[in-house]
Amino acid sequence: MVSPTLSHNPYMRFIEPHAHMVSRVTDDYRDMAAAGCAAICEPAFWAGFDRSSAQGFHDYFAQITEYEPRRAAKFGLAHFCWLCINPKESENVELAQEVLAIIPQFLDRPTVLGLGEIGLNKNSRNELKVLEMHIDLAAKHNLLILAHTPHLEDKRKGTQLTIDALKNNPGINPTRVIIDHVEEHTVGMVLDAGFWAGMTLYPGTKCTSSRAVDMIEKYGSERLWMNSACDWGDSVPLAIPYTALEMRKRGHSAAQIDRMIYQNPKDFLSQCPKFNLPQP
Amino acid sequence: MTKQEILDLYFLDARHKLVEIAAFLDRVERAKGSADFRLEAFRIALGELTGTEVGLANKVLVVFSDPTSEPIPVATTKSACGAWHGVTNPLP
């Protein structure tokens, strides 16, 4: 017997605002499209190894601005991206400066939304310096920002350092910044500071579906989104529709679910005029 | 949702995870050698679960977190281990 709280939602649609599709197989695009995905946004990230030069980043930026949109389009999916040097490679400030120097030549490309996922990894001085360089570049070009926050024991401190760095730049409007990977101990500080907050749905670290729904019930749906951040690690490309199912189990309405998994990311991302969804 | 509905939806899953934690602690105790700060942090976090007030997930996450506020001089690794190394000698 179907639970009385588990109402059927035949028209589910969602936006995946954070997915590293360069490390996923084509079947993932197919599954996401079949599940109701309308668009995928791909932040620049660590490849699992340190790139040896800025030229490696140039090629990567070409991949996520040229090749991945074509791969997604085969399944009717819009594909957008964010550019940066990932915090895991930010200890090398000289390399970071070289990468930041080539980013502007990609900013006018039609699917580039802004800078991301910038931020901190181990909360080091050099990482913070490179984060501030990214923030300056975003302010200079009036770009949206997607900020990564550190993992596990480093998250709480790194989230506060990130908030402080963003607040210290007068050119940054918090409503144009999403601070990602929040958990119970950081979501409040991000929302209270006026930023958007992203919940990343991972099977082991970060946030489970049930905990994400807990945070929605506690903090409401304003300035909050969720993402799978699927990459080459233990992650789930369909984590958003799975969490939508969790919301249905908990009695959330179809409209509340649509707000969280479609309207909210659309509202934030539409602050970039290039974020246009294909007509259904 | 009511407490009864929450229990219906999540009790077995939570019970399963609790038994897994118990078995993990048994496994550590059976093993040779000495543990490190991660186990100490884990036991402190477990102690946070005895309360009935709301906010336990936050408390557990804070136990595992670096409480300092200044950037570290240099990143010597890329990975996190899940617990702050200073947990056995926390800051005042």
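The structure displayed is predicted, hence computed values, not measured ones.

### Observations concerning the overall build of chain A
Looking only at helices and strands, chain A features nine helices and eight strands. Taken over the C-alpha trace, chain A has a radius of gyration of 18 Å; the compact-globule value for 280 residues is 19 Å, and the two agree within 12%. Taken over 280 residues, chain A has a buried fraction of 50%. Excluding contacts between residues fewer than 6 apart, the proportion of contacts in chain A whose partners are at least 24 apart in sequence is 74%.

### Details of the sheet that holds strand 4 (residues 112-119) of chain A
All names here are of chain A. Reading across from one edge, 1-2-3-4-5-6-7-8 is the order of the eight strands in this open sheet, with parallel pairing throughout. Two strands lie at the open edges of the sheet, namely strand 1 (14-16) and strand 8 (224-227), each paired on one side alone. Strand-to-strand twist in this sheet, taken as the mean axis angle between neighbours without regard to direction, amounts to 25 degrees. Relative to strand 7 (residues 196-200), strand 6 (residues 177-179) is paired through two bridges, and the arrangement is parallel. Counted as the bridge partner of Ile 179 is Ala 197 from strand 7.

### Overview of the nonpolar core
Looking at soluble globular proteins, one finds that nonpolar side chains tend to be buried together. In terms of nonpolar packing, the biggest core is built from 83 residues, with Ile 40, Trp 82, Leu 83, Leu 113, Leu 115, Ile 145 and Val 177 of chain A touching the most fellow members. With residues near it in sequence (within four places) discarded, Val 177 of chain A still touches Ile 145, Ala 147, Leu 166, Ile 172, Phe 195 and Trp 196 of chain A. Counting residues in each nonpolar core, the second largest holds eight residues, with Ala 41, Val 63, Phe 64 and Ala 83 of chain B among its members.

### Thoughts on the domain arrangement of chain B
When cut into domains, chain B gives domain 1 (1-33) and domain 2 (34-92). One C-alpha centre belongs to domain 1 of chain B, the other to domain 2 of chain B, and the line joining them spans 20 Å.

### A closer look at the pairing of strand 8 of chain A
Residue and element names in this part refer to chain A. Both faces of strand 8 are covered, namely the face carrying Leu 224 and Met 226 and the face carrying Trp 225 and Asn 227. Bridge count between strand 7 and strand 8: four bridges; the pairing is parallel. What sits directly across from Thr 200, in strand 8, is Asn 227. For the segment spanning strand 7, helix 7 (residues 209-219) and strand 8, crossover handedness is right-handed.

### A word on the environment of Met 12 of chain A
Residues and elements named next belong to chain A. Topologically, Met 12 is positioned in the segment before strand 1. Classification of Met 12 by C-beta neighbours within 10 Å gives partly exposed; the count is 19. Residues Met 12 and Lys 167, spaced 155 residues apart in sequence, show a C-alpha to C-alpha distance of 36 Å. When neighbours within four sequence positions are excluded, Met 12 is seen to be in contact with Gly 36, Pro 241 and Ala 244.

### A short note on the interface of chain A and chain B
Opposite the 28 residues of chain A that make contact, chain B presents 24 residues. Broken down by secondary-structure element, the contributors of at least two residues to the side of chain A that touches chain B are helix 4 (125-141), helix 5 (155-167) and helix 7 of chain A. With five residues, helix 5 of chain A is the single largest residue contributor to the side of chain A that touches chain B. Grouping the amino acids of the side of chain A that touches chain B by side-chain chemistry returns four nonpolar, nine polar and 15 charged.

### Focus: the packing of helix 8 (residues 239-249) of chain A against helix 9 (residues 254-269) of chain A
Residues and elements named next belong to chain A. The geometry of helix 8 relative to helix 9 is characterised by a closest axis approach of 10 Å and an angle of 155 degrees between their N-to-C directions. Put simply, helix 8 runs roughly antiparallel to helix 9. You can see that helix 8 and helix 9 cross each other, and the crossing is right-handed. Contacts between helix 8 and helix 9 pair Ile 240, Ala 244, Met 247 and Arg 248 from the former with Gln 256, Ile 257 and Ile 261 from the latter. Broken down by class, the residue content of the contact of helix 8 with helix 9 amounts to five nonpolar, one polar and one charged.

Definitions and limits used
- Residues numbered from 1 in each chain as written.
- Chains lettered and ligands numbered in written order.
- Predicted model: local features only at pLDDT ≥ 70, side-chain atom pairs only at ≥ 80, totals over all residues.
- Helix = DSSP H or I, 4+ residues; strand = E, 2+ residues; numbered from the N terminus.
- Rg over C-alpha atoms; globule rule 2.2 N^0.38 Å.
- Buried ≥ 20, exposed ≤ 12 C-beta atoms within 10 Å, placed from the backbone.
- Contact = placed C-beta atoms within 7 Å.
- Pairing = 2+ DSSP bridges.
- Axes fitted to C-alpha atoms, helices over the stretch in contact; angles between N-to-C directions.
- Core = buried A, V, L, I, M, F, W, Y, C linked by C-beta atoms within 7 Å.
- Domains from an automatic or database assignment.
- Right-handed = clockwise from strand over helix to strand, strands pointing away.
- Nonpolar A, V, L, I, M, F, W, Y, C, P; charged D, E, K, R; others polar.
- Parallel < 35°, antiparallel > 145°, perpendicular 65-115°, else oblique.
- Left-handed = near helix turned anticlockwise from the far one by under 90°.

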